Amino acid sequence: MATLNHKERTVGFFEVVVVKEGEARRIPELMDWDGALAALAQAPVGARSHEGEHRIVGTTITHNMEDHLLLHRVKDAGEWLSVINFDTGHLRELEQSAHEGYLDTSVVCFLPFGNVVGIMQGGVSAPSAVTA
């Protein structure tokens, strides 16, 4: 019998709207989330990235025959990242190569009604509705 350690997560639900003349307005037609996620899955990493305060990269994954969006915040090279060996207690600092990055990841699910999305952050520094 396998034991799973489930960590509680909070899912925030948001409606995607447009802003016209300073006012948020509902989008009457359903967005084509499946088409957008399929296109994202085929795009090179540069086209799936956004540079702002942090670099955000999107990835499409399929779970239970439904596509979802993983939003990754690439950790800054100066962030302190360490690894512990639980057998020896030895700590070592992770070094980031110029062509790699460590990620904080959130999952975005697109609900089949309205233009509603659910966002579950993987950690406190993972992308949220504010950064996404």
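Before reading on, note that the structure itself is shown above.
Report on the accompanying structure.

Cut-offs and rules
- Residues numbered from 1 in each chain as written.
- Predicted model: local features only at pLDDT ≥ 70, side-chain atom pairs only at ≥ 80, totals over all residues.
- Heavy atoms only, no water.
- Helix = DSSP H or I, 4+ residues; strand = E, 2+ residues; numbered from the N terminus.
- Buried < 20%, exposed > 50% of the residue type's maximum accessible area, 1.4 Å probe, protein only.
- Areas by Shrake-Rupley, 256 points an atom, 1.4 Å probe, with all protein chains shown as cover.
- Contact = heavy atoms within 4.5 Å.

Here we look at the overall build of the protein chain
So, step 1. Secondary structure assignment for the protein chain yields one helix and ten strands.
So, step 2. For the protein chain, the α and β elements follow one another from N to C terminus as β-β-β-α-β-β-β-β-β-β-β.
So, step 3. By residue count, 23% of the 132 residues in the protein chain fall in the buried class.
So, step 4. When the accessible surface of the protein chain is summed, it comes to about 10,100 Å², and 56% of that surface belongs to carbon and sulfur atoms.

Some details on unusual backbone geometry
So, step 1. The backbone of Glu21 shows a phi angle near 55°, a positive value even though the residue is not glycine.
So, step 2. With respect to the element layout, Glu21 can be found in the loop between strand E2 (17-20) and strand E3 (23-26).
So, step 3. Given a relative accessible area of 79%, Glu21 falls into the exposed group.
So, step 4. Positioned with a positive phi, Met65 is a non-glycine residue whose angle comes to about 65°.
So, step 5. By secondary structure assignment, the location of Met65 is in the loop between strand E5 (55-63) and strand E6 (66-74).

Comments concerning the environment of Leu69
So, step 1. On the secondary structure map, Leu69 appears in strand E6.
So, step 2. Overall, Leu69 belongs to the buried group, its relative accessible area being 13%.
So, step 3. In the structure, Leu69 is positioned 36 residues away from Trp33 in sequence and 9.9 Å away in space, judged by C-alpha atoms.
So, step 4. Excluding its chain neighbours within four sequence positions, the residues that come into contact with Leu69 are Leu37, Leu40, Gly58, Thr59, Ser106, Val107, Val108 and Phe110.

That's the geometry; what it means functionally is another story.
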